[in-house]
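Working through the structure, step by step
For reference, the chains in residue letters:
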Amino acid sequence: MDCFGLCFDAFCLIIQSVMHMIFVSRLTGQRQRTVHIAVYLCLVCLTSFICYIFSIPGFAAIGAQFLILYGINRLAFGNRPPSSCVASLLAVYIYHLSFGIINSIEMLVLPPLIGTYVLYAVLLLSTGAAFFICAFGYTAVLKLLSLKADSQTPYIGLVLLPGLFFFTAELYILHTSYSPLSAAFRPFEAGSHGMLLFLQSLGLGALFCTLYAYRHLCLGFQAQAALLSLTQATQAQRTYIAEAKTRYEQTKAFRHDIKNHLAVLNALLEKGQLSESRDYLKKLETVSSSLSFPCQTGNPVVDILLSEKLGMAKADGIGAKVSLLLPVPCGIDDVDLCVIFSNALDNAIHACRAVREDGFIHISGERQGDFYMLIFQNSCSHEPLPPMGTGLSNIRSVARKYHGAMLTEKKEGVFTLNVLLNTQM
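Residues numbered from 1 in each chain as written. Predicted model: local features only at pLDDT ≥ 70, side-chain atom pairs only at ≥ 80, totals over all residues. Heavy atoms only, no water.

Turning our eyes to something else, we now look at the overall build of the protein chain. Across its full length, the protein chain holds 12 helices and five strands. The 425 residues of the protein chain split such that 40% are buried. Nonlocal contacts in the protein chain, meaning residues at least 24 apart in sequence, comprise 73% of its contacts between residues at least 6 apart. Put simply, the protein chain shows about 23700 Å² of open surface, and 64% of that area lies on carbon and sulfur atoms. (Helix = DSSP H or I, 4+ residues; strand = E, 2+ residues; numbered from the N terminus. Buried < 20%, exposed > 50% of the residue type's maximum accessible area, 1.4 Å probe, protein only. Contact = heavy atoms within 4.5 Å. Areas by Shrake-Rupley, 256 points an atom, 1.4 Å probe, with all protein chains shown as cover.)

Here you go:
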């Protein structure tokens with residue numbers, strides 16, 4: 001290998017490492033550091049050197065790049081396996097696809113220039129063009145896809161499978177058409193290189209179409225989650241209205257009969273029947289307590305919702321304890337409170353039913369400056385938590401709306417949901 005080729009390959013590996021790390025860090029929402037780029041560059045250089053010394057095919061080196069990038073995603077960035085795999089696959093595939101497209105153009109242009117100094121200039125120009133195509137591909141992917149931890153990316157495997165197909169097809173093209181072995185023993189005609197250029201360009205377009213379709217799939221899931229949230233809020237409002245009407249009729253009837261009750265009490269007291277008066281007062285107290293809610297949080301909508309949900313829990317033998325007093329005035333909309341409490345309690349009741357015994361639900365709250373922390377605790381099984389569902393996603397959306405946060409924790413058979421909200425908005 002001559003000096004120009006050695007320096008050229010080293011330059012390409014450096015630019016490749018920088019572009020790969022910047023792309024995967026932005027795609028997954030992680031912060032890359034210089035040490036990450038340095039480690040990746042050293043590992044890639046070592047892999048390339050080993051492949052060169054032992055004459056290992058180039059596609060093996062590309063596969064090793066993918067594995068190294070996947071390991072950095074998992075170990076250094078802490079990304080989930082599906083996100084790490086998709087991010088690494090897209091980074092390596094787009095990079096080598098860009099150079100594959102340029103290779104096809106080079107095979108059409110370079111043969112007449114072999115042996116001249118113009119060849120070096122054209123090689124540098126074509127390499128710059130490859131990096132430009134790669135940067136364009138990375139930018140397009142970042143606009144179509146996000147693998148951040150707080151982004152909704154359901155069924156990410158739908159992207160992984162076609163990505164693997166594109167990646168494998170590109171490896172096959174590079175190995176059979178543009179490796180040193182194939183160039184030495186099987187030279188292609190101009191028409192063949194033109195067809196490969198067309199196929200690789202088509203592969204890049206197919207990737208963008210796949211990501212575009214997946215993006216709209218994610219938007220559909222988000223719209224479905226928003227619709228479900230509105231449906232829950234509407235149902236909660238209907239429940240509130242129905243409960244309010246019932247309470248109003250009961251209160252109206254009680255107020256209508258209060259004069260008669262007072263007359264009876266007055267007659268008993270005039271006759272000196274104190275024992276009968278006390279008994280009658282206890283009966284009145286029972287009637288009046290039935291008009292109030294079992295939980296007094298300071299918000300009538302939440303009181304009604306807790307009455308309904310905890311009534312369902314009690315019917316299933318689930319113990320409930322509420323220690324909650326919402327701030328007054330509260331800057332949180334009643335509909336958003338319904339979304340939080342209905343989803344949290346539905347999940348808690350479902351988890352307690354799975355335990356079947358000693359199920360409990362604890363609800364509490366505490367003020368932290370301008371913020372208010374809602375704490376939901378419930379018993380749960382010892383099995384691993386499933387992926388975040390629509391209910392928790394809706395709660396997280398409400399928390400973000402009020403510049404807060406949502407945190408879940410599972411420890412020793414107890415699931416804890418913390419929702420922090422700014423009540424001064």
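What follows deals with the packing of aromatic side chains. Each aromatic ring pair is described using two quantities: the centre-to-centre distance and the angle formed by the ring planes. For the structure shown, the criterion picks out 10 aromatic pairs. Taking the centre distance of 6.2 Å and the plane angle of 40 degrees together, the rings of Phe66 and Phe167 count as tilted. Here Phe66, found in helix 3 (residues 58–75), pairs with Phe167, found in helix 6 (residues 157–177); they are 101 residues apart in sequence, far enough to count as distant. Phe167 matches Phe66 in its accessibility class, with the two residues each being buried. Measuring from centroid to centroid gives 5.3 Å for Phe99 and Phe131, while their planes differ by 85 degrees, and the two rings are edge-to-face. Of the two residues, Phe99 is situated in helix 4 (residues 81–109) and Phe131 in helix 5 (residues 118–144); the sequence distance between them amounts to 32 residues. According to the relative accessible area criterion, Phe131 is buried, its value standing at 12%. (Phe/Tyr/Trp six-rings, centres within 6.5 Å; stacked < 30°, edge-to-face > 60°.)

Time to look at a nonpolar patch on the surface. Taken together, the side chains of Leu46, Phe49, Ile50, Tyr52, Ile53, Phe54 and Ile56 define a hydrophobic patch exposed on the protein surface, amounting to about 720 Å² of accessible area. Structurally, Ile53 can be placed in helix 2 (residues 34–53). (Patch = residues over 30% accessible without salt bridge, like charges linked within 9 Å, V, L, I, M, F, W, Y side chains within 5 Å. Salt bridge = Lys/Arg side-chain N within 4 Å of Asp/Glu carboxyl O.)

Ranked by internal contacts, the top residues of the largest apolar core, which has 55 residues, are Phe23, Leu27, Leu90, Tyr138, Val141 and Leu145. Where this core is concerned, the elements lending two or more residues are helix 1 (3–28), helix 2, helix 3, helix 4, helix 5, helix 6 and helix 8 (190–270). Not counting the four nearest positions on each side in its chain, Tyr138 is found in contact with Met19, His20, Phe23, Leu90, Ala91, Ile94 and Tyr95. (Core = buried A, V, L, I, M, F, W, Y, C linked by side-chain atoms within 4.5 Å.)

Tracing the chain through its elements places Lys410 in strand 4 (residues 405–411). Note: C-alpha distance between Lys410 and Ser381 (29 residues apart in sequence) is 9.7 Å. In this structure Lys410 touches Cys380, Ser381, His382, Glu383, Pro384, Leu385 and Phe415, once residues within four positions along its chain are discounted. Polar side-chain contacts of Lys410 include one of 2.8 Å to the backbone oxygen of Ser381. (Polar contact = N/O pair within 3.5 Å; in protein donor to acceptor, adjacent residues only side chain to side chain.)

Relative to strand 5 (residues 414–422), strand 4 runs antiparallel, the two sharing seven bridges. Its bridge partner lying in strand 5, Lys411 is registered against Val414. Hairpin connection from strand 4 to strand 5: two residues lie between these consecutive antiparallel strands, with Glu412 at a positive phi of about 50 degrees. (Pairing = 2+ DSSP bridges.)

This brings us to the sheet that holds strand 1 (residues 319–323). Ordered by their spatial adjacency, five strands build an open sheet running 1-2-3-5-4, and the pairing between neighbours is mixed. Of all strands in the sheet, those bounded by a partner on one side alone are strand 1 and strand 4. Neighbour to neighbour, the strand axes of the sheet diverge by 15 degrees on average, direction disregarded. Judged from the five bridges that link them, strand 1 and strand 2 (residues 360–368) form a sheet pairing that is parallel. Following the sheet pairing, Gly319 is matched in strand 2 by Phe360. Relative to strand 3 (residues 371–379), helix 11 (residues 334–355) is tilted by about 20 degrees, and along the sheet it contacts strand 2, strand 3 and strand 5. (Axes fitted to C-alpha atoms, helices over the stretch in contact; angles between N-to-C directions.)

Here we take up unusual backbone geometry. One non-glycine residue with positive phi stands out, namely Ser55, at about 55 degrees. Summarising the element assignment, Ser55 is placed in the loop between helix 2 and helix 3. Given the relative accessible area of 64%, Ser55 is considered exposed.

When their charged atoms lie close together, side chains carrying opposite charge are able to pair. Counted under the stated rule, the structure contains three salt bridges. The partner of Asp316 in a salt bridge is Arg353, with the nearest N and O atoms 2.7 Å apart. Taken together, the residues span a long stretch of sequence, with Asp316 in the loop between helix 10 (300–315) and strand 1 and Arg353 in helix 11 at a distance of 37 residues. Given the relative accessible area of 39%, Asp316 is considered partly exposed. What makes Arg353 partly exposed here is its relative accessible area of 45%. A salt bridge links Asp336 to Lys401, with the nearest nitrogen and oxygen atoms 2.9 Å apart. With a gap of 65 residues between them, Asp336 in helix 11 and Lys401 in helix 12 (residues 390–401) connect regions that are remote in the sequence. On the basis of relative accessibility, which here comes to 48%, the residue Lys401 falls in the partly exposed class.

A few words now on the packing of helix 1 against helix 3. Contact pair helix 1 / helix 3: the axes reach a minimum separation of 11 Å and the direction vectors enclose 45 degrees. The angle between the axes of helix 1 and helix 3 places the two elements in the oblique class. Note that helix 1 runs across helix 3; the crossing there is right-handed. Taken together, the residues of helix 3 that come into contact with helix 1 (itself represented by Gln16, His20, Met21, Val24 and Thr28) are Gln65, Leu69, Ile72 and Asn73. For the contact of helix 1 with helix 3, the per-class residue count stands at four nonpolar, five polar and no charged. (Parallel < 35°, antiparallel > 145°, perpendicular 65-115°, else oblique. Left-handed = near helix turned anticlockwise from the far one by under 90°. Nonpolar A, V, L, I, M, F, W, Y, C, P; charged D, E, K, R; others polar.)

Now for the packing of helix 1 against helix 2. Look at helix 1 against helix 2: their axes get within 9 Å of each other, and the N-to-C directions meet at 130 degrees. Compared by their axis directions, helix 1 and helix 2 come out oblique. Read as a crossing pair, helix 1 and helix 2 show a hand that is right-handed. Contact with helix 1, carried on its side by Leu13, Ile14, Gln16, Ser17, Val18, His20 and Met21, involves His36, Ile37, Tyr40, Leu41, Val44, Cys45 and Ser48 of helix 2 and no other residues of that element. Taken together, the residues of the contact of helix 1 with helix 2 sort by class into nine nonpolar, five polar and no charged.

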